[in-house]
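Now for the letters of each chain:
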Amino acid sequence: MHTEPHHGQVRHHKNKHLAERFEGILGTVMVVAIVLLAIGLIYGIMTTGSSTPRWMQ
């Protein structure tokens, strides 16, 4: 039996699967999408002359 302690062993980092990477960035992507939609909504409201939508006129 070998009772000598093993020094210098390096544990290699386990590669993340694609689903785990996607899960990690999903929150950030959702926040960016919400911000872009809000900017588009504000831009649309500001550039429209009246508050009544065109399809209701």
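Residues numbered from 1 in each chain as written. Predicted model: local features only at pLDDT ≥ 70, side-chain atom pairs only at ≥ 80, totals over all residues. Heavy atoms only, no water.

(A) Spatial organisation of the overall build of the protein. Regarding its fold elements, the protein presents one helix and zero strands. For the protein, buried positions account for 0% of its 57 residues. For the protein, the exposed area adds up to about 6300 Å²; of that, 65% sits on carbon and sulfur atoms. (Helix = DSSP H or I, 4+ residues; strand = E, 2+ residues; numbered from the N terminus. Buried < 20%, exposed > 50% of the residue type's maximum accessible area, 1.4 Å probe, protein only. Areas by Shrake-Rupley, 256 points an atom, 1.4 Å probe, with all protein chains shown as cover.)

(B) Quick look at a nonpolar patch on the surface. Together, F22, I25, L26, V29 and M30 make up an exposed nonpolar region whose accessible area comes to about 480 Å². Tracing the backbone through its elements, the reader meets I25 in helix α1 (residues 18–47). With relative accessibility at 48%, the residue I25 sits in the partly exposed group. (Patch = residues over 30% accessible without salt bridge, like charges linked within 9 Å, V, L, I, M, F, W, Y side chains within 5 Å. Salt bridge = Lys/Arg side-chain N within 4 Å of Asp/Glu carboxyl O.)

(C) Structural detail: α1. In this model, α1 (30 residues) spans 41 Å end to end at C-alpha, consistent with the 44 Å of a helix rising 1.5 Å per residue. Where α1 bends most, the angle comes to about 40 degrees, and this point is I25. α1 sits mainly on the outside: zero of its 30 residues count as buried. (Expected span 1.5 Å × (residues − 1). Bend = angle between axes of the 7 residues up to and from the residue.)

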